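Each chain is listed here by its residues.
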Amino acid sequence: MDALKQGADALFILLGGILVLAMHAGFAFLELGTVRKKNQVNALVKILADLSVSTVVYFLVGYGVAYGAHFLVGAQELAQFHGYGLVKFFFLLTFAAAIPAIISGGIAERARFGPQLIATAVIVGLIYPAFEGVAWNQQLGVQAALLRWTGAEFHDFAGSVVVHAMGGWLALPAVLLLGARRNRYRKDGAVSAHPPSNIPFLALGAWILIVGWFGFNVMSAQTLDKLSGLVAVNSLMAMAGGTLAALALGRNDPGFVHNGPLAGLVAVCAGSDIMHPLAALLVGAVAAVIFVQMFTLTQNRWQIDDVLGVWPLHGLCGAWGGIAAGIFGHQALGGMGGVSFWAQLAGTLLGVAWALVGGLVVYGTLRKVMGLRLSQEEEFEGADLSIHRIGSTPEREVNW
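Residues numbered from 1 in each chain as written. Predicted model: local features only at pLDDT ≥ 70, side-chain atom pairs only at ≥ 80, totals over all residues. Heavy atoms only, no water.

### A look at the packing of helix 7 (residues 142-150) against helix 14 (residues 341-369)
Quick note on the threshold: Lines fitted to the C-alpha atoms define the axes, with helices restricted to the stretch that makes contact. Angles between their N-to-C directions range from 0 to 180 degrees. Here a helix means four or more residues in a row that DSSP labels H or I, a strand means two or more in a row labelled E, and each is numbered from the N terminus. Orientation categories follow fixed angle ranges, with anything under 35 degrees roughly parallel, anything over 145 roughly antiparallel, 65 to 115 roughly perpendicular, and all other angles oblique. Crossing chirality is assigned from the near helix's rotation relative to the far helix, an anticlockwise turn below a right angle marking it left-handed and a clockwise turn marking it right-handed. Any pair of residues with heavy atoms lying within 4.5 Å of one another is described as a contacting pair. Only Asp, Glu, Lys and Arg are considered charged in this grouping, and only Ala, Val, Leu, Ile, Met, Phe, Trp, Tyr, Cys and Pro are considered nonpolar; every other residue, Gly among them, is considered polar.
Orientation of helix 7 relative to helix 14, taken along the N-to-C sense of each, is 150 degrees, at an axis distance of 10 Å. By the angle between their directions, the pair helix 7 and helix 14 is classed as roughly antiparallel. As for how helix 7 packs across helix 14, the hand of that crossing is right-handed. Only Trp342, Ala343, Ala346 and Leu350 of helix 14 make contact with helix 7, whose side of the interface consists of Val142, Leu146 and Thr150. A class-by-class count of the residues in the contact of helix 7 with helix 14 yields 6 nonpolar, 1 polar and no charged.

As structure tokens, then:
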């Protein structure tokens, strides 16, 4: 029976890893559909290259930073317990690799390829796992201190703060240091519209992310005996709430409609195991309102050229999700209990501060040492031709 349970747990978390791995296709197509046609190939290549760099770095360094474990032993030892330790690494890697995938959308269309891969290695190897270890592995005594002070630890079941807020707030310094795309904002205050290049691909990316998210959230239980249908239904309700709120507030705009469910899912991650489904519906709807309002404000009034809106979508909605778990997780509001608002607020602010400082250090250093941005000519030509020497749909065929 023990062997059967071990095998079942290994399969359970492996299936979760596969679902979250598929979400990276969602990141790719969401970015591809949003950027202009001359940057579509770059979007696809960046996501796959970032994932591969993340895999190697997290295997060699990042997983050890977060959990104090390593894989520099014989295969016979690694295969113990049906290789559960390895598939757990695989599952958590897909979370870690989501960080550069999130950042990629914010810096699209004008970032150099090489410096971003270096940033990915540093972030996935050191910055992200440092906070991951604090939140999910009791490192540095932060959780113990919060338990003493507030009566509860910081609760983030599936990564509203650990993954999404971290990615969004790491992206903000990168976006600000890069500056806006050329000709996006004029000196007279006018804003040049850069509409999505392909709504069907944008929608496809959103749908892939939505489906994969049920692996992201549900399989965060990590073992079969901790599986909860509450997590699945709360994820569904938050997705629906985010969609409907974005539909209403965004006035049928397809970009908002397809990002609304993602905002809801980002926000529900932290408390998906402790909220009532009606609370999850409300949390998802509020997240979509935050996204639509803040995306519009950052793009038009503050002139922050965050191409996919990753700071409002992941940074702000992720922070909202961390705090919301401390509100709607209480039994008085239909939740499971065992959470503290003050612990949630403190943990969320700590994650945001760590990401902001990390983003400033990494991207500030890269900007000073080697530069972050494509030249004016390369940006005008587009990242596809400048970096990859081919467009997504060549204008003509060569006849020999």
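From this point on, the discussion continues.
### Quick notes on the nonpolar core
The line we're drawing: Take the buried residues of types Ala, Val, Leu, Ile, Met, Phe, Trp, Tyr and Cys, join any two whose side-chain atoms come within 4.5 Å, and each joined set is a nonpolar core. Whether a residue is buried, partly exposed or exposed follows from its accessible area with a 1.4 Å probe, protein chains only, as a fraction of its type maximum: under 20%, in between, or over 50%, in that order.
Tyr58, Tyr128, Trp213 and Phe216 are the most contacted members of the largest nonpolar core, which has 101 residues in total. The biggest single contributor to this core is helix 8 (residues 160-178), with 12 residues. When sequence neighbours within four positions are dropped, the list of residues in contact with tyrosine 58 reads Tyr63, Tyr67, Phe89, Leu92, Leu93, Ala96, Val124 and Glu132.

### Some remarks on helix 11 (residues 254-268)
Formally: To estimate the expected span of a helix, subtract one from its residue number and multiply by 1.5 Å. By definition, a residue's bend is the angle between the axes fitted to the seven residues ending there and the seven starting there. Distance and chemistry together define a polar contact, namely a pair of N or O atoms within 3.5 Å, with one atom able to donate a hydrogen and the other to accept it when in protein, and with adjacent residues in sequence counting only for side-chain atoms on both sides.
A rise of 1.5 Å per residue sets the reference length of helix 11, with its 15 residues, at 21 Å; its end C-alpha atoms lie 22 Å apart and thus fit the reference within 8%. Glycine 260 marks the point of greatest bend in helix 11, at about 25 degrees, and the proline proline 261 comes within the next four residues. Among the residues of helix 11, the N-terminal cap falls to aspartate 253, whose side-chain oxygen and the backbone nitrogen of glycine 255 are separated by 2.8 Å.

### As for the pattern of salt bridges
Note the cut-off: A side-chain nitrogen of Lys or Arg and a carboxyl oxygen of Asp or Glu constitute a salt bridge if their distance falls within 4 Å.
Per the stated rule, a full pass over the model turns up 9 salt bridges. A salt bridge links lysine 5 to aspartate 9, with the shortest nitrogen-to-oxygen separation between them at 2.6 Å. Here lysine 5 and its partner aspartate 9 are both found in helix 1 (residues 2-34), 4 residues apart, which amounts to about one turn of the helix. A residue is classified by how much of its surface remains accessible, and aspartate 9, at 6% relative accessible area, is buried. Three or more residues joined by partner-sharing salt bridges are found here, namely Arg36, Glu109, Arg181, Arg184 and Asp305.

### Some remarks on the packing of aromatic side chains
Rules: Pairing of aromatic rings covers Phe, Tyr and Trp, the last counted by its six-membered ring, and requires centre-to-centre distances within 6.5 Å; plane angles under 30 degrees mean stacked, over 60 mean edge-to-face, and any other angle means tilted.
For the structure shown, the criterion picks out 18 aromatic pairs. Consider the rings of phenylalanine 95 and phenylalanine 216, whose centres lie 4.1 Å apart with planes at 10 degrees: the pair is stacked. Note that phenylalanine 95 is positioned in helix 4 (residues 80-96) and phenylalanine 216 in helix 9 (residues 199-218), a separation of 121 residues in sequence. In this structure, phenylalanine 95 and phenylalanine 216 share a single accessibility class: buried.

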